[in-house]
Amino acid sequence: MPRLQADADPTLWVPVTESLGFKGRRHRKAAIRMLLSQANTAVGAERPGSGVAAWAMSQAAPFLMRRAAGRVLVWVWKADPELVVTMAQVQEATPQLRTARAMMPMEYDDTESFRSSHLGVGERLEMALPSDPRTPPFATYTWDTGTHFVTVTAVCSDRERFGTVIGSVDDLARTVRVVDDLAVGEAPGVLRIEPKN
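This one's a predicted model, so the numbers in the text were calculated from it and none came from an experiment.

## Digging into helix α4 (residues 162-175)
- Taking 1.5 Å per residue, 14 residues should reach 20 Å; α4 reaches 20 Å between its end C-alpha atoms and fits that length.
- Buried residues of α4: Phe162, Val165, Ile166, Ser168, Val169, Asp170, Leu172, Ala173 and Thr175, and no others.

Listed below in structure tokens is the structure:
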């Protein structure tokens, strides 16, 4: 299974994926609290994310992501961890996943081309003001490699501040790349061509 790598700006982003124990704990907990709060709001529960639940999930998250073996990468906004959470993932492009993507609501068709020097041309969907006020603003970036989907999703907790961080999310998404563990001679006849800039 291919893995993901990215070059997140350390002055803007804190990686959650490899942070264990006390390292990154505050950022993990804040990000998870924000996501729990957004989930509660989406289902009509107007209460903040539970501190205990956020703490428990923040302890488990790095181990779960480590088990994902590079298929999932997560970052939080350094200046305000509860403002933005960004996740990159690679998934096998199964027929079921392709069908699910084709059946998404019509508002998800409003995408624009998004170029990455590593992955080529993909799609970008920015929802700064989702129609449902309970839905937080978000942006998704998708590349179809033929065998896998690479997606980057950023969720923001504040509609008014979404526009101030989306440029940095774009920059982070452009650094995401796929890394394969192929030994020399393992796959003869495979020609790798870098995407055109």
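Here the narrative resumes.
## Things to note about the environment of glycine 163
- Along the chain, the position of glycine 163 falls in helix α4.
- With a relative accessible area of 56%, glycine 163 lands in the exposed category.
- On a C-alpha basis, the gap between glycine 163 and alanine 128 in space is 7.5 Å, while along the polypeptide they are 35 residues apart.

## Some details on the environment of glutamate 160
- Relative to the elements of secondary structure, glutamate 160 occurs in the loop between β8 (148-156) and α4.
- For glutamate 160, a relative accessible area of 74% corresponds to the exposed category.
- Spatially, the C-alpha atom of glutamate 160 lies 8.8 Å from that of alanine 128, the residues being 32 residues apart in sequence.

## Quick look at the sheet that holds strand β7 (residues 138-144)
- The seven strands lie next to each other as β2-β3-β4-β8-β7-β6-β5, forming an open sheet whose pairing is antiparallel. Each end of this open sheet is capped by a strand with a single partner; those strands are β2 (13-15) and β5 (112-116). On average, each strand axis in the sheet is tilted by 25 degrees relative to the strand beside it, whichever way the strands run.
- Judged from the three bridges that link them, β2 and strand β3 (residues 72-77) form a sheet pairing that is antiparallel.

## What to know about the pairing of β7
- The element β7 is largely enclosed, with a buried count of six among its seven residues.
- Of the pairings in the sheet, the one linking strand β6 (residues 120-127) to β7 comprises five bridges and is antiparallel in character. Counterpart to leucine 125 in the pairing with β7 is threonine 140.
- Here seven bridges tie β7 to β8, and the two strands are oriented antiparallel to one another. Bridge assignment links aspartate 144 to a residue of β8, and that residue is phenylalanine 149.
- Where β7 folds back on β8, the antiparallel hairpin that results is connected by three residues, among which glycine 146 adopts a positive phi of roughly 100 degrees.

What counts and how
Along each chain, the written sequence defines residue order, and numbers are assigned to residues from 1. Per-residue local features are limited, in this predicted model, to residues with pLDDT of at least 70; the limit for side-chain atom pairs, both in listing and counting, is 80 or more; totals at the level of whole chains, interfaces and linings are taken over all residues. Side-chain metrics rest on all non-hydrogen atoms present in the structure, leaving aside hydrogens and water. Helical segments are the DSSP runs of H or I of at least four residues, strand segments are the runs of E of at least two, and each set is numbered from the N terminus. Residue count minus one, scaled by 1.5 Å, sets the expected span of a helix. For every residue, the accessible area (1.4 Å probe, protein chains only) is compared with the maximum for its type, and the residue is labelled buried under 20%, exposed over 50%, or partly exposed between those bounds. The rule for pairing is simple: two strands pair if DSSP sees at least two bridges between them. Only C-alpha atoms enter the line fits that serve as axes; for helices the fit covers just the stretch in contact. Angles between N-to-C directions range over 0 to 180 degrees.

Any link to function would need more than the numbers given here.
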